[in-house]
Amino acid sequence: MEEVDLENLPFGAPWVIYFIPFLIGGLLFQKHFREYLLKKQQEEKAVTSRDIFEEALDGGADSPQFYTKLHDAMVLRLYERGFVEQQSMATDALPEEGIAGEVKAFFNEIEIKRFSGKEEMLGSEEIDRAKQLFKNIRKST
């Protein structure tokens, strides 16, 4: 056995130990960077009432999700403008007065038409009224 084998060489075990803090730092940086990117993606995907409203109108009144999306868009709009305290509410829980009362009355009329058994579909008149109500919520701030 040679004497060189028994001495610490530049690429021996003690020298490699100095890389451990850099490796740990790199892993921590990677973890925090990944969390930052996920948070940034979630912020970009924040859905607004306008997005839901346009999605409801794009699907048309024949879409199975039309009424749900229209309701969600209106209630979210009321929440965004400070007229209600919750982002998601049932029609019955909406206040009776003000613009929220108008939205509640509109949805009650729609429900009567939908479940009256007369097979009435929403016409352009109701869709125009929904658009006007949506705009009025914006104006009421």
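Refer to the structure above for everything that follows.
Just so it is clear, the model here is predicted, and its values are computed rather than measured. (Residues numbered from 1 in each chain as written. Predicted model: local features only at pLDDT ≥ 70, side-chain atom pairs only at ≥ 80, totals over all residues. Heavy atoms only, no water.)

What follows deals with the pattern of salt bridges. Scanning all chains against the criterion turns up five salt bridges. With its nearest N and O atoms 3.6 Å apart, the salt bridge here joins Glu-35 to Lys-31. Remark: Lys-31 and Glu-35 occur in helix α2 (residues 20–44); sequence separation between them is four residues, near one turn of the helix. Overall, the relative accessible area of 41% leaves Glu-35 in the partly exposed class. Looking at Lys-31, the relative accessible area reads 44%, which means it is partly exposed. A salt bridge links Glu-109 to Arg-129; the shortest N-O distance between them is 2.6 Å. Of this pair, Glu-109 sits in helix α5 (residues 98–114) while Arg-129 is found in helix α6 (residues 124–139), placing the two residues 20 residues apart along the sequence. (Salt bridge = Lys/Arg side-chain N within 4 Å of Asp/Glu carboxyl O. Helix = DSSP H or I, 4+ residues; strand = E, 2+ residues; numbered from the N terminus. Buried < 20%, exposed > 50% of the residue type's maximum accessible area, 1.4 Å probe, protein only.)

Owing to its 3.6 residues per turn, the α-helix brings residues three or four apart onto one side. The first and last C-alpha atoms of helix α4 (residues 66–80) sit 21 Å apart over 15 residues, in line with the 21 Å expected at 1.5 Å per residue. Looking one or two residues past α4, Gly-82 carries a phi angle of roughly 85 degrees, positive in sign. (Expected span 1.5 Å × (residues − 1).)

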